[in-house]
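Structural features, examined
The residues making up each chain are set out below.
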Amino acid sequence: MPTSSASTTDAAKPAASGGVQSLERAFDLLERMADAGGEVGLSELSASSGLPLPTIHRLMRTLVACGYVRQQPNRRYALGPRLIRLGESASRLLGTWARPYLARLVEETGETANMALLDGDEIVYVAQVPSKHSMRMFTEVGRRVLPHSTGVGKALLAHTPADEVRALLARTGMPAATEKTITTPDGFLDALVAVRETGYAVDDNEQEIGVRCLAVSVPDSPTAAAISISGPAGRVTEAATEKIVPILQQVARELSAALANTSGNGGA
């Protein structure tokens, strides 16, 4: 997943013009906590951020009081439950912002377009625009699936270190959805190598027989995200793949730019 881009020197710099330094620092600490797995000690935060311990302690005390961080019995700090509501609302908005781009995918490829996020160890679909064909794929928004049997799962995990991928697969297991599902960690890691080499992921009858899916990650997304198209294997052929993948990659770049547009004026 994306990691915080703030460096030790960045964290100690004055706030950007018009910004509030304490607010920027608080959000930086929350992102560092997320990068560290959700639970850290003050000394770890100080080492990674470059901020002095008294400053971090003061900020964490405020975040704890607001419910965005909680202090564990072992004195370490963990992301708090109040962040869940913010995350759920942001995920819904992310799906809303993505819909015009998914609609373009449908227009240009003819197949159903999806957007998915990596939420913990699972893939969750946050947006979909259906194909106009009478025979089309449909995935319910909000549906959760395991990464190993999906194109979006491969796209989202392609650049994750192998040991982290193995740990995830050990936690989830690798049940076979079809006879073509990859069911071994080594097989899945080989598939991720292919994603890195080609720039896109394929679900070839692995989640559902008769269905092929092509997926790419959204570069520099604020949270790990991927977009995909899915359709009958008879339409999403190897020949069609050569035409569809460049469209997927272009739309992913445009969506990335829109998400990075802090003015809120990004559009399809």
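Presented here is an overview of the structure given in this document. Since the model is a prediction, treat every value here as computed from it, not as a measurement.

Take the overall build of the chain next. Along its length, the chain carries nine helices and nine strands. By the burial criterion, 42% of the 268 residues in the chain qualify as buried. When contacts within the chain are restricted to residue pairs at least 6 apart in sequence, long-range pairs at least 24 apart make up 57% of them.

Our focus in this paragraph is the sheet that holds strand β1 (residues 39–40). Ordered by their spatial adjacency, three strands build an open sheet running β1-β3-β2, and the pairing between neighbours is antiparallel. Strands at the two margins of the open sheet, each flanked by one partner only, are β1 and β2 (69–71). In this structure, β2 lies alongside strand β3 (residues 77–79), joined through three bridges in antiparallel fashion. When the sheet's bridge partners are listed, Q71 is paired in β3 with Y77. Contacts from helix α2 (residues 21–35) reach β1, β2 and β3, with the element oriented near 90° to β3.

This next bit is on the packing of α2 against helix α3 (residues 42–49). It is at 11 Å that the axes of α2 and α3 come closest, and there the two elements cross at 110°. As summarised for this structure, α2 and α3 are arranged roughly perpendicular, according to the angle between their axes. On the side of α2, the interface is formed by D28, L29, R32 and M33, while α3 contributes L45, S48 and S49. The residue makeup of the contact of α2 with α3, split by class, is three nonpolar, two polar and two charged.

With that settled, consider the pattern of salt bridges. Within this structure, the stated rule accounts for 15 salt bridges. Of the charged contacts, one joins K132 and E107 as a salt bridge, the two residues approaching to 2.5 Å between their closest N and O atoms. You can see K132 sitting in the loop between β5 (122–129) and β6 (144–145) and its partner E107 sitting in helix α5 (residues 82–109), a full 25 residues away along the chain. The exposure classification of K132 matches that of E107, with both residues exposed. One continuous salt-bridge network, built from bridges that share partners, spans K180, D204, R212 and E238.

This brings us to unusual backbone geometry. At R75, a position not held by glycine, the phi torsion is positive, near 80°. Looking at the secondary structure, you find R75 in the loop between β2 and β3. Taking relative accessible area as the criterion, R75 reaches 60% and is therefore assigned exposed.

Turning next to the nonpolar core. When a protein is soluble and globular, its nonpolar side chains tend to lie buried together. With 30 residues, the main nonpolar core has L102, L105, M115, I227, L248 and L255 as its most contacted residues. Residue contributions to this core peak at ten residues, all from helix α9 (residues 238–260). Setting aside its immediate chain neighbours within four residues, L255 contacts A98, Y101, M115, V218 and I227. Judged by nonpolar contacts, the second largest core, of 24 residues, contains L157, M174, I182 and A215.

Turning our eyes to something else, we now look at a nonpolar patch on the surface. On the surface, a nonpolar cluster with roughly 300 Å² of combined accessible area is contributed by V20, L23 and F27. Within the fold, L23 resides in helix α2.

What follows is about the environment of V245. Summarising the element assignment, V245 is placed in helix α9. Residues V245 and Y200 lie 45 residues apart in sequence; the distance between their C-alpha atoms is 7.1 Å. If sequence neighbours within four positions are ignored, V245 has contacts with Y200 and L214.

If you check helix α8 (residues 185–198), its first and last C-alpha atoms are 20 Å apart, about what 14 residues at 1.5 Å a residue would give, namely 20 Å. All buried positions along α8 are accounted for by F188, L189, A191, L192 and V195. Projected onto a plane normal to the axis of α8, the buried residues spread over an arc of 155° and lie on a single side. Among the exposed residues of α8, those pointing more than 90 degrees away from its buried face are D190 and E197. In the stretch just after α8, G199 is the one whose phi turns positive, near 90°.

Only one face of strand β7 (residues 201–204) is buried: it carries A201 and D203, and the other face, with V202 and D204, is open. The pairing of β7 with strand β8 (residues 211–217) spans four bridges and is classified as antiparallel. Paired with D203 across the two strands is C213, which belongs to β8.

Conventions used here
- Residues numbered from 1 in each chain as written.
- Predicted model: local features only at pLDDT ≥ 70, side-chain atom pairs only at ≥ 80, totals over all residues.
- Heavy atoms only, no water.
- Helix = DSSP H or I, 4+ residues; strand = E, 2+ residues; numbered from the N terminus.
- Buried < 20%, exposed > 50% of the residue type's maximum accessible area, 1.4 Å probe, protein only.
- Contact = heavy atoms within 4.5 Å.
- Pairing = 2+ DSSP bridges.
- Axes fitted to C-alpha atoms, helices over the stretch in contact; angles between N-to-C directions.
- Parallel < 35°, antiparallel > 145°, perpendicular 65-115°, else oblique.
- Nonpolar A, V, L, I, M, F, W, Y, C, P; charged D, E, K, R; others polar.
- Salt bridge = Lys/Arg side-chain N within 4 Å of Asp/Glu carboxyl O.
- Core = buried A, V, L, I, M, F, W, Y, C linked by side-chain atoms within 4.5 Å.
- Patch = residues over 30% accessible without salt bridge, like charges linked within 9 Å, V, L, I, M, F, W, Y side chains within 5 Å.
- Areas by Shrake-Rupley, 256 points an atom, 1.4 Å probe, with all protein chains shown as cover.
- Expected span 1.5 Å × (residues − 1).
- Arc of directions from axis to C-beta.

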